[in-house]
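Structure at a glance
Letter by letter, the chains look like this.
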Amino acid sequence: MEHPENSSEYAGLQVNSGVEQPAIINPYLKRNRFRRRELSAAEMVEGIVKGDVTILSQAVTLVESVNPDHQQKAQEVINKCLPYSGNSIRVGISGVPGAGKSTSIDEFGVHVLKEKGGRLAVLAIDPSSERTKGSILGDKTRMEKLSIHPDSFIRPSPTAGSLGGVARKTRETIILCEAAGFDKIFVETVGVGQSETACHSMVDFFLLIQLAGTGDELQGIKRGIMEISDGIVINKCDGENVDKCQMAATNFRNALHFFPKPESGWLPKVLCYSGFYGYGVKEVWDMIYEYIDFVKANGYFDYRRNEQSKYWMYESINEHLRLNFYNNPTIRQQLQLAEQTVLAGQQTSFMAAQSLLDAYFRSLSIPGNHNY
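Residues numbered from 1 in each chain as written. Predicted model: local features only at pLDDT ≥ 70, side-chain atom pairs only at ≥ 80, totals over all residues. Heavy atoms only, no water.

**Some thoughts on the confidence of the model for the protein**
Should pLDDT be low for a region, the predicted coordinates there are not to be read in detail. Quick reminder of the rule: On a range of 0 to 100, pLDDT expresses the predictor's confidence in each residue. Here a residue-residue contact requires only that any non-hydrogen atoms of the pair lie within 4.5 Å.
The predicted model of the protein has a mean per-residue pLDDT of 82, with 80% of residues at 70 or higher. Counting contacts from residues 132-136, a segment whose pLDDT is below 50, to residues more than four positions away or on other chains yields nine contacts.

**Some words on the side chain of Ser65**
Cut-off, in case you're wondering: Counting from the N terminus, the helices are the DSSP runs of H or I reaching at least four residues and the strands are the DSSP runs of E reaching at least two. Using a 1.4 Å probe on the protein chains alone, a residue whose accessible area is under 20% of its type maximum counts as buried, one over 50% counts as exposed, and one in between counts as partly exposed.
Relative to the helices and strands, Ser65 is located in the loop between α2 (53-64) and α3 (68-81). Overall, Ser65 belongs to the buried group, its relative accessible area being 16%. Discounting chain neighbours no more than four positions away, the residues touching Ser65 are His70, Gln71 and Lys169.

**Considerations on the packing of aromatic side chains**
A ring pair, where both rings are aromatic, is described by two values, the distance of the centres and the angle of the planes. Note the threshold: For Phe, Tyr and Trp, where Trp contributes only its six-membered ring, two rings pair if their centres lie within 6.5 Å, and the inter-plane angle classes them as stacked under 30 degrees, edge-to-face over 60, or tilted in between. Criterion for a charge above a ring: Lys NZ or Arg CZ within 6 Å of the ring centre, and within 35 degrees of the ring normal.
Summed over the entire model, instances satisfying the criterion amount to 14 aromatic pairs. Their ring planes at 85° and their centres at 5.2 Å tell us that Tyr311 and Trp312 sit as a pair that is edge-to-face. The class of Tyr311 is partly exposed, set by a relative accessible area of 33%. Here the aromatic cluster, defined as three or more aromatic residues joined through ring pairs, consists of Phe205, Trp266, Tyr291 and Phe294. It is Lys116 that lies over the ring of Tyr289; its NZ or CZ is 4.7 Å from the centre. Over the ring of Phe301 we find Lys296; its NZ or CZ atom is 5.0 Å from the centre of that ring.

**Some remarks on helix α11 (residues 349-363)**
Where we set the bar: Helix span, as expected, comes to 1.5 Å for every residue beyond the first.
Helix length check: α11, at 15 residues, gives a terminal C-alpha distance of 21 Å against a target of 21 Å (1.5 Å per residue), a fit within 8%. Those residues of α11 lying buried are Ala352, Leu356, Asp358, Ala359 and Tyr360. On its buried face, α11 sits against α9 (300-326) and α10 (329-343). Just past α11, the residue Ser365 takes up positive phi, approximately 60°.

**A word on the pattern of salt bridges**
Applied cut-off: Think of a salt bridge as a Lys or Arg side-chain nitrogen and an Asp or Glu carboxyl oxygen that are within 4 Å of each other.
Under the defined criterion, the tally for this structure stands at 12 salt bridges. In this structure, the salt-bridge partner of Lys80 is Glu76, at a minimum N-O distance of 3.3 Å. Of this pair, Lys80 and Glu76 are both found in helix α3, four residues apart, which corresponds to roughly one turn of the helix. Classification of Lys80 as partly exposed rests on a relative accessible area of 37%. Linking Asp286 and Lys282 is a salt bridge whose minimum nitrogen-to-oxygen distance equals 3.0 Å. Of the two residues, Asp286 and Lys282 are both situated in helix α8 (residues 281-298); the distance of four residues between them amounts to about one turn of the helix. The class of Asp286 is partly exposed, set by a relative accessible area of 39%.

**Concerning the nonpolar core**
Where we set the bar: By nonpolar core we mean a set of buried residues, namely Ala, Val, Leu, Ile, Met, Phe, Trp, Tyr and Cys, connected to one another through side-chain atoms within 4.5 Å.
Residues Ile48 and Leu176 are the most contacted members of the largest nonpolar core, which totals 32 residues. When contributions to this core are tallied by element, the ones reaching two or more residues are α1 (41-49), α2, α3, β2 (120-126), α5 (163-179) and β4 (184-188). The dominant element in this core, judged by the number of residues it contributes, is α2, at six residues. Setting aside residues up to four positions removed in sequence, Ile48 forms contacts with Ile55, Leu56, Ala59, Val77, Cys81, Leu176, Ala179 and Ala180.

**Describing the packing of α1 against α2**
Under the convention used in this document: The axes used here are C-alpha line fits, helices contributing only the stretch in contact, and every angle between their N-to-C directions lies in the interval 0 to 180 degrees. For classification, angles of less than 35 degrees are called roughly parallel, those exceeding 145 degrees roughly antiparallel, those between 65 and 115 degrees roughly perpendicular, and all remaining angles oblique. Put simply, a crossing is left-handed when the front helix is turned counterclockwise from the back one by less than a right angle, and right-handed when it is turned clockwise. The nonpolar class holds Ala, Val, Leu, Ile, Met, Phe, Trp, Tyr, Cys and Pro. Asp, Glu, Lys and Arg form the charged class, and all remaining residues, Gly among them, are polar.
Running from N to C, α1 and α2 cross one another at 130°; their axes reach a closest spacing of 8 Å. The pairing of α1 with α2 is recorded here as oblique in orientation. When you trace α1 past α2, the crossing you get is left-handed. Seen from α1, the contacting residues are Met44, Gly47 and Ile48; seen from α2, they are Ile55, Leu56, Gln58, Ala59 and Leu62. For the contact of α1 with α2, the class distribution of residues is six nonpolar, two polar and no charged.

**Quick notes on the pairing of strand β6 (residues 231-234)**
Note the following rule: At least two bridges found by DSSP between two strands are what make those strands a pair.
Burial of β6 is two-sided: the residues Gly231 and Val233 facing one way and the residues Ile232 and Ile234 facing the other way are all buried. Pairing between strand β5 (residues 205-210) and β6: four bridges, direction parallel. By the bridge assignment for β6, Leu208 is matched with Ile232. As defined by bridge partners, β6 adjoins strand β7 (residues 269-272) across four bridges and the pair is classed as parallel. For Gly231, the partnering residue across the bridge sits in β7 and is Lys269.

Following this line, the structure appears as structure tokens:
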């Protein structure tokens, strides 16, 4: 019996069988109704040139994809956008974690859009976890003003374990943003490692954000990142921290005199400002535009961009050769065996590498050069 409650033992109690429950998914819903039509390369380029931010975002996603088919289409889009690029001011922004890069970008961006007009694109490189391989991509939440500004475009990208690869993709994204009409480009680095060098090789002005009163001023005047900086700004110059910032600025200015003079002929300036309160932001932008006028007048602006193009050509060659080597079927078979022989002490790392390279060249039928 379907419902024992309906038996004669339970007089006066009756339970109906109920109605059939409808399906969770609407049977009248067309499955392809909300599927987005895939745009061709020509349609993407047309949308980008018209300034369509949605199509621009799709193109950037295509550039960042590791799918070979996507890469081929992305390169076609980039090549067609190339004639429309090169007409922006590219500013790289770096600094230690906690220096206030995102807050400063928010203030810098709103100020320049208000004073100069135009459009601003912010390309942020976020570090990926070595364990989970994931990234937060939360820089947009710290740029409260720019994130709602109609003339701004913020795009965070993960390092995905390969800083060089993401840096190359960031450079390609710059071309797409310039073709979309963005005349000011910010590139924010993760602030650690070799990201500063990669960022310096794709921007016109490299801005280093420093902090005062961190305990060791010598850390700030060491060679390396300061040698590639075109301007140094000390953040959080407000309240009781003003005197410390002024003292740190003096130390940085003195240290810059010991460095070789840059190729541009420009002596980097040291300024203090407050990203939180917006103090001194105008002076920072005055410095950037003064630098751009200076290097355009002496010809270094075009020279630097040409050198950057050559640099990324060689970087692309190196990356392609590396990927081709590790994806070679012969190398895949022999790589694990080579690791085992090295770990067992049967041959040195250099001999194992040489044998793998010999096998690689033989697989390509190319005479190998043993002088590596």
